[in-house]
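If you want the building blocks of each chain, they are given just below.
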Amino acid sequence: FYFHDYAVDHIVMIGSIEKSIFSCMPAVYDLWFKERTSDNELYGTLKCFLQQNASVVATAKAMFAHRNTIQYRMKKIFDLLECDLEDSYAREYCSISIRIIELYEKKYGEQYIIEELHLR
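The text that follows walks through the structure, step by step, so that each part is easy to find. All of these numbers come straight from a predicted model, not from anything done at the bench. Residue positions within a chain follow its written sequence, with the count starting from 1. The predicted nature of this model means local features are confined to residues of pLDDT at least 70 and side-chain atom pairs, given and counted, to a pLDDT of 80 or more, with totals for whole chains, interfaces and linings taken over all residues. Water and hydrogen atoms were dropped before computing side-chain values, which therefore reflect all heavy atoms in the structure.

## Overview of the overall build of the protein
For helices the rule is a DSSP run of H or I covering at least 4 residues; for strands it is a run of E covering at least 2, with both sets numbered from the N terminus onward. Along the backbone of the protein there are 8 helices and 0 strands. Element order for the protein, N to C, with α for helix and β for strand: α-α-α-α-α-α-α-α. In terms of overall dimensions, the protein has a C-alpha envelope of 40 × 35 × 20 Å along the principal axes. Pairs of residues are marked as contacts when any of their non-hydrogen atoms sit within 4.5 Å. Sequence separation of at least 24 residues holds for 64% of the intrachain contacts in the protein that already meet a minimum separation of 6. Residue exposure ignores everything except the shown protein chains as possible cover, and the areas themselves are Shrake-Rupley values with a 1.4 Å probe. When the accessible surface of the protein is totalled, it reaches about 7,300 Å², and 52% of it is carbon and sulfur. Positive charge is attributed to Lys and Arg, negative charge to Asp and Glu, and no charge count is given to His or to the chain ends. By convention, the point assigned to a charge is CZ for Arg, NZ for Lys, CD for Glu and CG for Asp. Side chains of the protein carry 14 positive and 18 negative charges; the gap between the two charge centres is 5 Å.

What follows is the structure, given as structure tokens:
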């Protein structure tokens, strides 16, 4: 079995934000980390893209960016994620990972995650 295939089930069953942070999609965590430590908008673009039901046009409108800019960013994101965001399970895993990372960030702070959890 591949963990990726059962990650959402694991996150739901584990019931603890402290444990579920380690089950988040590594590429989503890496995007979050890169956005926090450098001038990179890929994490925010992915989050908006998922909120806009995987629509490049709606994402561009929501982010006040040109459609080509969003398409360029999404190409980079697709390459980093190494999964197909047309698959509903992959989108769900990304969305849950984003929510967990942001809940953890609210609870412990950005600096804690950067210093203590950047183990990958």
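So much for the structure itself; the text now carries on.
## Remarks on helix H6 (residues 67–81)
The end-to-end C-alpha distance of H6 is 20 Å, a good match for the 21 Å that 15 residues give at a rise of 1.5 Å each. Three or more residues of H6 are buried, namely Ile70, Arg73, Met74, Ile77 and Leu81. Projected down its long axis, H6 shows its buried positions confined to an angular sector of 105°, all on one face. Next to the buried residues of H6 lie helix H3 (26–37), helix H4 (42–51), helix H5 (56–63) and helix H7 (88–108). Positive backbone phi, at 55°, marks Glu82, one or two positions downstream of H6. To estimate how far a helix should reach, multiply one less than its number of residues by 1.5 Å. For every residue, the accessible area obtained with a 1.4 Å probe (protein chains only) is divided by the maximum for its type, and the residue is called buried under 20%, exposed over 50%, and partly exposed between those limits. Within this analysis, the arc is defined by the directions that extend from the helix axis to the C-beta atoms.

## Overview of the pattern of salt bridges
Basic side-chain nitrogens of Lys or Arg form a salt bridge, by our definition, when they fall within 4 Å of a carboxyl oxygen of Asp or Glu. In total, this model carries 6 salt bridges according to the counting rule given. One salt bridge in this structure joins Glu105 and Arg36, with 3.2 Å as the shortest N-O distance. Here Glu105, found in helix H7, pairs with Arg36, found in helix H3; they are 69 residues apart in sequence, far enough to count as distant. A relative accessible area of 25% means that Arg36 is categorised as partly exposed. One salt-bridge network, held together by shared partners, links Glu35, Arg36, Glu105 and Glu110.

## Some points on the packing of H4 against H6
In this analysis, axes come from line fits to C-alpha atoms, helices being fitted only over the stretch in contact, and the angle between any two N-to-C directions falls in the range 0 to 180 degrees. Following both chains from N to C, one finds H4 and H6 inclined at 95°, their axes separated by 10 Å at the closest point. Our classification of the angle between H4 and H6 gives roughly perpendicular. Note on element contacts: H6 touches H4 through Ile70, Arg73, Met74, Lys76, Ile77, Phe78, Leu80 and Leu81, opposite Leu42, Thr45, Leu46 and Phe49. For this classification, the nonpolar set comprises Ala, Val, Leu, Ile, Met, Phe, Trp, Tyr, Cys and Pro, the charged set comprises Asp, Glu, Lys and Arg, and every other residue, Gly included, is treated as polar. Each residue belonging to the contact of H4 with H6 can be placed in one class, and the counts come to 9 nonpolar, 1 polar and 2 charged. An angle counts as roughly parallel when it lies under 35 degrees, as roughly antiparallel when it exceeds 145, as roughly perpendicular when it falls between 65 and 115, and as oblique in every other case.

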